[in-house]
Amino acid sequence: MPTLSQFLIALLQALVLLAVAPLFTGFLRAMRARMHTRCGPSVLQDYRDIVKLLKRQDMQPPAAGFAFRFMPIVMVATLLTITMALPVVTRATPIAGLGDMITVIYLFAVVRFFFSLSGLDSGSSFAGIGASRELTLGVLVEPTLVLSILVAALLAGTTDIGGIGAAISSGHVSSLGAVFLAGVAFAFACYFELGKLPYDMAEAEQELQEGPLTEYSGPSLALLKIAMGLKQLLILAFLFAVFLPFGSATDMGILSVVIGLVVFIIKIAVVALILGVVENSVARARFRLTPRHSWSGLGIASLGFVFYLVGL
């Protein structure tokens with residue numbers, strides 16, 4: 001059982017990330033606009049949109065069932081649970097029982113399942129297409145995520161995310177080549193999950209990625225906007241915690257935590273810059289080509305597993 005201090009730290013971490021999630025998505029949009037040499041929206045635009053949605057009426061299609069109605073609450077609650085499990089600023093997980101890689105992967109799967117189910121439950125054909133697309137993407141991407149992090153767990157000798165990160169950062173792994181390949185495959189899969197070009201456009205409601213959100217409005221859509229931004233932030237935090245834990249706080253001292261927070265912000269800024277460069281360098285790819293690209297990530301993860309077996 002977690003102590004009171006551990007629970008409070010995890011809760012504070014969850015609330016802070018929930019609050020800054022719209023700022024993160026707004027920063028990505030503003031930076032992309034600058035790369036297009038246009039003014040673009042303010043980094044605070046997502047906050048304004050959420051406030052507007054909270055003031056509007058929550059409409060639901062007549063054919064919608066319980067999955068459609070409860071999905072925003074389930075999605076936000078599940079993502080907050082993941083937020084309390086991931087080591088974001090510190091090296092160790094805030095709540096050790098939640099910081100297991102299998103638990104976190106299953107929680108992400110729950111988010112995808114309810115997100116897709118809500119599209120099917122809405123009665124909208126477009127939302128149903130988006131839901132089937134989301135499930136297809138999960139089938140293509142999740143094997144790469146699981147296999148790559150499994151390689152890291154086998155090398156570290158633990159399934160605890162904080163323990164894996166500590167083993168990699170300290171160099172106490174037997175195969176650096178396997179770690180490198182697993183990290184590349186994991187980052188490749190994370191790019192799919194972020195919904196960026198050439199595979200999708202995460203901020204466009206008319207795209208298939210957000211097709212299940214077609215019938216949502218008002219406060220429900222506001223919750224989902226926050227949840228989508230929080231999910232992107234958590235995917236990057238997951239990557240940093242496992243394969244790039246360098247700079248995270250090794251203890252709960254104030255100075256160490258502040259340094260860990262600054263390093264985390266720098267990591268996010270660097271990744272945001274890379275995402276912006278990649279998005280502005282590629283064109284939209286047809287969805288039918290996505291399996292060909294996802295197989296490349298699975299191949300890299302498989303090669304990392306082979307490296308683990310031979311000790312390279």
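Residues numbered from 1 in each chain as written. Predicted model: local features only at pLDDT ≥ 70, side-chain atom pairs only at ≥ 80, totals over all residues. Heavy atoms only, no water.

Caption draft 1: Main features of the overall build of the protein. The number of helices and strands found in the protein is 10 helices and 0 strands. Start at the N end of the protein and walk to the C end: the helices and strands fall as α-α-α-α-α-α-α-α-α-α. By the compact-globule yardstick of 20 Å for 312 residues, the protein fits well, its C-alpha radius of gyration being 19 Å. Along the three orthogonal principal directions, the C-alpha set of the protein runs to about 55 × 45 × 45 Å. Counting only residues that meet the buried cut, the protein has 49% of its 312 residues in that class. Across the protein, the fraction of contacts at a sequence separation of at least 24, relative to all contacts at a separation of at least 6, is 77%. With the model as given, the accessible surface of the protein reaches about 14200 Å², and the carbon-plus-sulfur share is 72%. With 20 positive and 17 negative side-chain charges, the protein shows a separation of 7 Å between the mean positions of the two kinds. (Helix = DSSP H or I, 4+ residues; strand = E, 2+ residues; numbered from the N terminus. Rg over C-alpha atoms; globule rule 2.2 N^0.38 Å. Buried < 20%, exposed > 50% of the residue type's maximum accessible area, 1.4 Å probe, protein only. Contact = heavy atoms within 4.5 Å. Areas by Shrake-Rupley, 256 points an atom, 1.4 Å probe, with all protein chains shown as cover. Lys, Arg positive; Asp, Glu negative; His and termini not counted. Charge placed at Lys NZ, Arg CZ, Asp CG, Glu CD.)

Caption draft 2: Region of the structure containing the pattern of salt bridges. Evaluation of the coordinates by the stated rule reveals 4 salt bridges. Residues D46 and R29 are paired through a salt bridge, measuring 2.7 Å at the closest nitrogen-oxygen approach. With D46 in helix α2 (residues 45-54) and R29 in helix α1 (residues 4-35), the pair connects residues that are 17 residues apart, well separated along the chain. Residues joined in a network through salt bridges with shared partners are R112, E142, E193 and K231. (Salt bridge = Lys/Arg side-chain N within 4 Å of Asp/Glu carboxyl O.)

Caption draft 3: Summary view of α1. Its 32 residues give α1 an end-to-end C-alpha distance of 46 Å, which sits within 8% of 46 Å, the value for a rise of 1.5 Å per residue. The largest bend along α1 reaches roughly 40 degrees and is located at V20, with the proline P22 sitting one to four residues downstream. Where α1 terminates, the next one or two residues include T37, which has phi positive at roughly 55 degrees. (Expected span 1.5 Å × (residues − 1). Bend = angle between axes of the 7 residues up to and from the residue.)

Caption draft 4: Up close: the environment of T290. Residue placement: T290 occurs in helix α10 (residues 290-310). By relative accessible area, T290 is classed as buried at 2%. Residues T290 and L18, 272 residues apart in the sequence, show an inter-C-alpha distance of 30 Å. Once residues within four sequence positions are removed from consideration, T290 is found in contact with L137, L140, F192 and Y199.

Caption draft 5: Summary view of the nonpolar core. The biggest cluster of nonpolar side chains holds 73 residues, and the ones touching the most others in it are M75, L79, L86, F238 and F243. With 18 residues, helix α8 (residues 218-243) is the single largest residue contributor to this core. L86 has contacts with Q13, P94, V104, I161, L234, A237 and F238, leaving out every residue within four places of it along the chain. (Core = buried A, V, L, I, M, F, W, Y, C linked by side-chain atoms within 4.5 Å.)

Caption draft 6: Structural context of the packing of α8 against helix α9 (residues 254-279). Their axes nearest at 11 Å, the elements α8 and α9 cross at an angle of 115 degrees. The angle between α8 and α9 falls in the class roughly perpendicular. In this structure, the crossing between α8 and α9 has a hand that is right-handed. Contacts between α8 and α9 involve L233, L236, A237 and F240 from the first element and F264, K267, I268 and V271 from the second. Class assignment of the residues belonging to the contact of α8 with α9 gives a composition of 7 nonpolar, no polar and 1 charged. (Axes fitted to C-alpha atoms, helices over the stretch in contact; angles between N-to-C directions. Parallel < 35°, antiparallel > 145°, perpendicular 65-115°, else oblique. Left-handed = near helix turned anticlockwise from the far one by under 90°. Nonpolar A, V, L, I, M, F, W, Y, C, P; charged D, E, K, R; others polar.)

Caption draft 7: Highlighting helix α6 (residues 161-170). Restricting attention to buried positions, one finds in α6 the residues I161, G162, I164, G165, A167 and I168. Of the surrounding secondary structure, the elements contacted by the buried residues of α6 are α4 (101-121), α5 (125-156), α7 (176-194) and α8. The backbone nitrogen of G162 lies 3.2 Å from a side-chain oxygen of the residue at the head of α6, namely D160. (Polar contact = N/O pair within 3.5 Å; in protein donor to acceptor, adjacent residues only side chain to side chain.)

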